[in-house]
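These are the residues of each chain, in order.
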Amino acid sequence: MKDEEKIYDICIVGAGFSGLVLAIKLARAGLLVCLVELNRVVGRRILSTGNGRCNFTNSRMGKDYYYSESSLDFIGDTHESLRTFLREIGVIDKALDGYYYPFTNQAKTVRDSLEAEINSLGVTVLLDNRVTDISKGDVFTVTTNRDSIKSKYVCVASGGLSAATLGSSKIGYKMAQKYKMHVTKLAPSLVGVLSKDICLKELAGVRAIGNVTYRDHSCEGEIQFNKDGVSGYPVMCISRFIGFDELDKRLSDIKLDFTPYMSEEELTSEIRDRFSSNPRATVESALLGLCNEKILSIVISYSRIYGDTAVDKLDDEDIANLVYNFKYFSINVTGTKGFDSSQVTAGGVSLQDIDTNTMESKTCKDLFFTGEVLDVDGICGGYNLTWAYTSADIAANEILKRYKN
Ligand SMILES: Cc1cc2nc3c(=O)[nH]c(=O)nc-3n(C[C@H](O)[C@H](O)[C@H](O)COP(=O)(O)OP(=O)(O)OC[C@H]3O[C@@H](n4cnc5c(N)ncnc54)[C@H](O)[C@@H]3O)c2cc1C
């Protein structure tokens, strides 16, 4: 229970991964910490991460895996530090091709271990409390729908707008604006994209390896075709750009390369070889194995060729059309599936207004911001939880330095 007269050393808005990490680091050093959370449990989002397995970090780290309008030169490699932190609270991990998960394969292990640690450290946790305002006098007053908390420092770790059912609000952006900080445009990222293209009727349910390109952004991996659009790792990775273009009403098509293992020239000569070695074969059987069978049918029909045509009836133009449709298959996108379906929010509180050595606001002393609320978003693969950790770690180091002084 909260003591009405108490002045906490720090009040943290949001008990997500970032807020929990910060609370633990500061409470371990003896600071009086109050964690305020709108959900009835802490770390609810963590349970949904990595399809319930929590892919919390990656051995390939650095600023190149992140996006922001500002410089990210300050982002280093914190994946070992995060592993050590989780190991200290009992989470044993395992790596699959550089992607780290708890050994139990259960995101619940991570959430429960964080919760056990804040409980054993005596952190005050106010659940079912929605922060509505942060004001500054001699100390801060954090107002919620039920309470008012006084503290010397405040950290806003309230996350983004994604997956609202797991707990989200605009409080971080509103408070940033209240203290004259800039909030960049916000778009859903790591999300499926929508399309009304007729080919999806036939391709719905297909999963196939390919390369997805949107403008000058490309990513390779398993593409999933649904009746209302496309998703899967490579689509998710480029989705932030579609999200921003949707806002600006300047959407472009995505291009799919169904034979990413071959260049255009190699594919042309592969097709020629197949056709000349078996001139009586139908085009469908001659091209079998180049990609998923259903995709192959679509590529052939989009090249204006019947699948049962004998290959000796095809000319150079037909081959060029086939190669084009294998390598640059176009899907007209109408937008993303939106914030509710997205894993992360691209954009946020501008790093121009944050001292990235400390995570403190440049316009309001002792007010810190960490995690997804900031204008930093990572690709799939543990990068967003690592950012939530990294920013909390930077803030914790600074607050501890000041506390010691
Ligand atoms: C389905 C899904 C799968 C994902 N998988 C992965 C993955 O495998 N790996 C990875 O790295 N990332 C993954 N992410 C992204 C990752 O979960 C987030 O980037 C990360 O959790 C952000 O941490 P955070 O602490 O900044 O914000 P959050 O985890 O969003 O925490 C913010 C907290 O603040 C609370 N809050 C908000 N407003 C208020 C308010 N007004 N008052 C009080 N409390 C408030 C929220 O309820 C929430 O608990 C996934 C996301 C989703 C949705």
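Not measured: the values here are computed from a predicted model.

When the UniProt feature table is mapped onto this chain numbering, "domain: RsdA/BaiN/AoA(So)-like insert" (unreviewed entry) sits at residues 188-344. Split by type, residues 188-344 is 38% helix and 24% strand. Its first and last C-alpha atoms lie 6 Å apart.

A separate point is empty space enclosed by the protein. Within this structure, the stated rule accounts for one cavity of 30 Å³ or more. Computed from the structure, the largest cavity encloses a volume of approximately 30 Å³. Taken together, Met-61, Tyr-66, Ile-75, Gly-76, Thr-78, Thr-386, Trp-387 and Thr-390 form the lining of the largest cavity. Among the elements that make up the lining of the largest cavity, the one with the highest residue count is helix H11 (residues 383-404) (three residues). Taken together, the residues that form the lining of the largest cavity break down as four nonpolar, four polar and no charged.

Time to look at the packing of aromatic side chains. Applying the stated criterion to the full structure yields eleven aromatic pairs. Centre to centre, the rings of Tyr-65 and Tyr-383 are 4.7 Å apart; their planes meet at 5°, and the pair counts as stacked. With a gap of 318 residues between them, Tyr-65 in the loop between strand E3 (57-58) and strand E4 (66-67) and Tyr-383 in helix H11 connect regions that are remote in the sequence. We classify Tyr-383 as buried; its relative accessible area is 2%. Ring centres 5.0 Å apart and planes at 45° place the aromatic pair Tyr-302 and Phe-329 in the tilted group. Of this pair, Tyr-302 sits in helix H9 (residues 293-302) while Phe-329 sits in strand E17 (residues 329-331), and the two are 27 residues apart along the sequence. A network of ring pairs unites the aromatic residues Phe-225, Phe-258, Tyr-302 and Phe-329 as a single cluster. Positioned above the aromatic ring of Tyr-101, the side-chain terminus of Arg-53 is 4.3 Å from the ring centre.

Rules used in this analysis
- Residues numbered from 1 in each chain as written.
- Predicted model: local features only at pLDDT ≥ 70, side-chain atom pairs only at ≥ 80, totals over all residues.
- Heavy atoms only, no water.
- UniProt positions renumbered as here; feature names shortened; annotations may be inferred.
- Helix = DSSP H or I, 4+ residues; strand = E, 2+ residues; numbered from the N terminus.
- 1 Å grid on protein atoms, 1.4 Å probe; cavity = no way out; pocket = protein on both sides within 12 Å on 5 of 7 lines; lining within 4 Å.
- Points joined across faces, edges and corners; volume = space filled by probe spheres on them.
- Nonpolar A, V, L, I, M, F, W, Y, C, P; charged D, E, K, R; others polar.
- Phe/Tyr/Trp six-rings, centres within 6.5 Å; stacked < 30°, edge-to-face > 60°.
- Buried < 20%, exposed > 50% of the residue type's maximum accessible area, 1.4 Å probe, protein only.
- Lys NZ or Arg CZ within 6 Å of the ring centre and 35° of its normal.

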